[in-house]
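# An overview of the molecular structure
Given next are the chains, with one letter for each unit.
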Amino acid sequence: MRGGGPNIWLRGGVVALAVVLGLVAWLATRGDDEGAASGGTTERIVSKAQLAGIAANLEQLVYWAGPVSGAKLELIEFSGGIQVRYRPGGTPPAESLTVATYPRQEAEAELQAFAARPGSFSRAGVDGRVVVSSREQPTSVYFVSADGSAQVEVYDPSPERALSLARSVRVRPVR
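Described in the following lines is the structure provided in the data block. (Residues numbered from 1 in each chain as written. Predicted model: local features only at pLDDT ≥ 70, side-chain atom pairs only at ≥ 80, totals over all residues. Heavy atoms only, no water.)

### Describing the overall build of the protein chain
Per the secondary structure count, the protein chain includes 4 helices and 10 strands. Reading the secondary structure of the protein chain in the N-to-C direction produces α-β-α-β-β-β-β-α-β-β-β-β-α-β. The buried share of the protein chain, taken over its 175 residues, is 37%. (Helix = DSSP H or I, 4+ residues; strand = E, 2+ residues; numbered from the N terminus. Buried < 20%, exposed > 50% of the residue type's maximum accessible area, 1.4 Å probe, protein only.)

### As for the packing of aromatic side chains
The full count for this structure, using the stated rule, is 3 aromatic pairs. A ring pair is formed by Tyr63 and Phe143, whose centres lie 5.7 Å apart and whose planes are at 75°; its orientation type is edge-to-face. With Tyr63 in strand E2 (residues 63-64) and Phe143 in strand E8 (residues 140-144), this residue pair connects regions lying 80 residues apart in the sequence. In this structure Tyr63 comes out as buried when scored by relative accessible area, which is 3%. Ring centres 5.5 Å apart and planes at 80° place the aromatic pair Phe114 and Tyr142 in the edge-to-face group. Of the two residues, Phe114 sits in helix H3 (residues 107-116) while Tyr142 sits in strand E8, which places them 28 residues apart along the sequence. Accessibility expressed as a relative area gives 17% for Phe114, which makes it buried. When its relative accessible area of 15% is taken as the criterion, Tyr142 is described as buried. (Phe/Tyr/Trp six-rings, centres within 6.5 Å; stacked < 30°, edge-to-face > 60°.)

### Describing helix H4 (residues 159-167)
Taken together, the buried positions of H4 are occupied by Ala162, Leu163, Leu165 and Ala166. When H4 is viewed along its axis, its buried side chains cluster within an angular range of 165° and face the same direction. Along its buried surface, H4 packs onto strand E6 (120-124), strand E7 (130-134), E8 and strand E9 (150-155). (Arc of directions from axis to C-beta. Contact = heavy atoms within 4.5 Å.)

### Things to note about the nonpolar core
Counting residues in each nonpolar core, the largest one holds 28 residues, and the members touching the most others are Leu51, Val84, Tyr86, Phe143 and Val171. When sequence neighbours within four positions are dropped, the list of residues in contact with Tyr86 reads Trp64, Ala65, Gly66, Val68, Ala71, Lys72, Leu73, Ser96, Leu97 and Val99. In this structure, Ala107, Phe114, Val132 and Tyr142 belong to the second largest nonpolar core, which totals 6 residues. (Core = buried A, V, L, I, M, F, W, Y, C linked by side-chain atoms within 4.5 Å.)

### What to know about the pairing of strand E5 (residues 98-103)
For a regular strand, side chains alternate in direction, first toward one face of the sheet and then toward the other. Extensive coverage of E5 is indicated by the burial of 5 of its 6 residues. By the bridge criterion, 4 bridges tie strand E4 (residues 81-88) to E5 in an arrangement that is antiparallel. From the neighbouring strand, Gln83 faces E5, where its bridge partner is Ala100. In the sheet, E5 pairs with E9 via 6 bridges, with the strands oriented antiparallel. Paired with Thr101 across the two strands is Val152, which belongs to E9. (Pairing = 2+ DSSP bridges.)

### Regarding the side chain of Ser145
Along the polypeptide, Ser145 turns up in the loop between E8 and E9. Reaching out from Ser145, the side chain makes a polar contact with the side chain of Asp147 at a distance of 2.8 Å. In this structure Ser145 touches Leu61, Tyr63, Ala150 and Val152, once residues within four positions along its chain are discounted. (Polar contact = N/O pair within 3.5 Å; in protein donor to acceptor, adjacent residues only side chain to side chain.)

### With respect to the pairing of E6
The pairing of E6 with E7 spans 5 bridges and is classified as antiparallel. The partner of Ser120 across the bridge, within E7, is Ser134. Hairpin remark: E6 followed by E7, antiparallel, with 5 residues in the connecting loop; positive phi at Gly128, about 95°.

Right under this line is the structure:
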């Protein structure tokens, strides 16, 4: 029999079933509002008190740069960590100061490896922390939390401000 006979119908049915199952899975998960608990991302505006409450309930540190006059605090939770973004009225996220905390078992070793890469620079912070930045991405500066449990990233569109904040004691755990 030419054209594959009954086998072509069987193959076509399997492909059609796979497409339908994929579509059903996509439809079932695209509206998932579970946020970080299900592996997604949640973003919300919080007050300083709410941020402190959330930080106290988490089993990880949350770093921030303290209050910033005229900026709303936006908390972003995702599977790899937490970001605190400062949103002055109408400022796009890419142009906003952001302090991210990434829990890492090997935070110190990872930061040392980053510091050893060509184009990376290490500097001392005022409290003795080592901060690392790179020519490739000068707007992000990294250091390890005091307890060694996390890497902290300070992002600012101004490389000078990002470095200055990372070196200061202003970037600290939320309390």
